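Chain by chain, the residues:
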Amino acid sequence: MAGIIRERQVLRGDILVAFGGGAGVEHLAERYRDEGKPVVPIDAELGAFNNDGNGGSRFLHERALSDPDAFFRLRDGAGSAAARLSSLRLRQDSDSNTFAKELARLLADLRPPSAFYVRLLSTDHENYPEVERFFRDVVDAVAADRGFTPREMGRGNPDRAFMNVEIFEALHRAGLVVVDLTGVRPNCMMELGYALARRRRVVISAKRGTTLPFDEDKLPTYFWADVGTPADRIRSYRDWFDRYSELPSLVE
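Residues numbered from 1 in each chain as written. Predicted model: local features only at pLDDT ≥ 70, side-chain atom pairs only at ≥ 80, totals over all residues. Heavy atoms only, no water.

S.K.: Outline the pattern of salt bridges, supporting the account with residue identities and numerical values.
M.R.: For the coordinates displayed, the defined rule picks out 27 salt bridges. Aspartate 43 is the salt-bridge partner of arginine 91, the closest N and O atoms lying 3.2 Å from each other. Placement of the pair is arginine 91 in the loop between β3 (89–90) and α5 (96–108) and aspartate 43 in strand β2 (residues 39–44), with a sequence separation of 48 residues. Overall, arginine 91 belongs to the partly exposed group, its relative accessible area being 27%. One salt bridge connects arginine 133 with aspartate 226, and the closest N-O pair in it is separated by 2.5 Å. (Salt bridge = Lys/Arg side-chain N within 4 Å of Asp/Glu carboxyl O. Helix = DSSP H or I, 4+ residues; strand = E, 2+ residues; numbered from the N terminus. Buried < 20%, exposed > 50% of the residue type's maximum accessible area, 1.4 Å probe, protein only.)

Put into structure tokens, the structure is as follows:
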């Protein structure tokens, strides 16, 4: 039963802050990390209820100090993750107010979850200029306003030597997947299927006039047109985004 409860917690939680514990906390941390969600382990001498595991949050804290990026990432300019984590030690003589402020500041400086873009990337496709304007003028603004870090292949430094590996690793751990099906590219359909199977939060769009390979009422889709002012286009997409970005996954 405890394992089932932890799986439910991972689906509904955004950040794990670990104090003490044992094997259960260690398992929960691994599941959060697999989902791409931040784990902030505290060096606290609290122990475990069943005296199991490798040390719970203290064990995780030591691991995180050697590889902070495997547990959480900070916003640019927020300082060294390892240095800030090393100050989060809870002892009997710790000043609770100072500790709480340090922890709150670190949580506030966490990098927002990623919004991974699945979209037409072929520059010689006739619809590419309009798709590019839609993402740069509209999607970027709404995603950032709603607390996500936009991520798109071909922008920024790659994490892997092979693009396919990087794409599916990003999909696997994305906080949100933004799928635009303009052009109905097979790769986009495959990536949409992976995101749905992974129970990611997904929002779907396409240029007005696109014929989708599924009934649009089964998977709500925003149809956009490259007309109007940027402010009007942002407002329209943001209203739709707010209605459909929190839908439950296809399979609970």
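S.K.: Give me the lowdown on the packing of aromatic side chains, citing residues and values where you can.
M.R.: Scanning the entire structure with this criterion turns up twelve aromatic pairs. When the ring of phenylalanine 134 is compared with that of phenylalanine 135, the centres are 5.6 Å apart and the planes differ by 80°; the resulting orientation is edge-to-face. Classification of phenylalanine 135 as buried rests on a relative accessible area of 0%. Centroid distance tyrosine 237 to tryptophan 240: 6.3 Å. Interplanar angle 20°. Geometry classified as stacked. Here tyrosine 237 and its partner tryptophan 240 are both found in helix α9 (residues 230–244), three residues apart, which amounts to about one turn of the helix. The burial state of tyrosine 237 is the same as that of tryptophan 240; both residues are buried. Three or more aromatic residues joined by ring pairs make a cluster, and in this case those are Tyr117, Phe134, Phe135, Tyr222, Trp224, Tyr237, Trp240, Phe241 and Tyr244. Just above the ring of phenylalanine 71 sits the side chain of arginine 33; from NZ or CZ to the centre is 4.2 Å. (Phe/Tyr/Trp six-rings, centres within 6.5 Å; stacked < 30°, edge-to-face > 60°. Lys NZ or Arg CZ within 6 Å of the ring centre and 35° of its normal.)

S.K.: Give a description of the sheet that holds strand β4 (residues 114–118) that names residues and reports values.
M.R.: The five strands lie next to each other as β5-β4-β6-β7-β8, forming an open sheet whose pairing is parallel. The open sheet is flanked by β5 (149–151) and β8 (221–224), the only strands paired with a single partner. Across the sheet, the mean angle from the axis of one strand to that of its neighbour is 25°, orientation sign disregarded. (Pairing = 2+ DSSP bridges. Axes fitted to C-alpha atoms, helices over the stretch in contact; angles between N-to-C directions.)

S.K.: Before we move on, can you summarise unusual backbone geometry with the specific residues and values?
M.R.: The backbone phi angle of valine 184 is positive, close to 45°, even though this residue is not glycine. You can see valine 184 is positioned in the loop between β6 (176–180) and α8 (186–197). Here valine 184 falls in the partly exposed class, since its relative accessible area comes to 30%. At arginine 199, a position not held by glycine, the phi torsion is positive, near 60°. Mapping arginine 199 onto the fold places it in the loop between α8 and β7 (202–207).

From the geometry alone we can't say anything about function, so treat these as descriptive.
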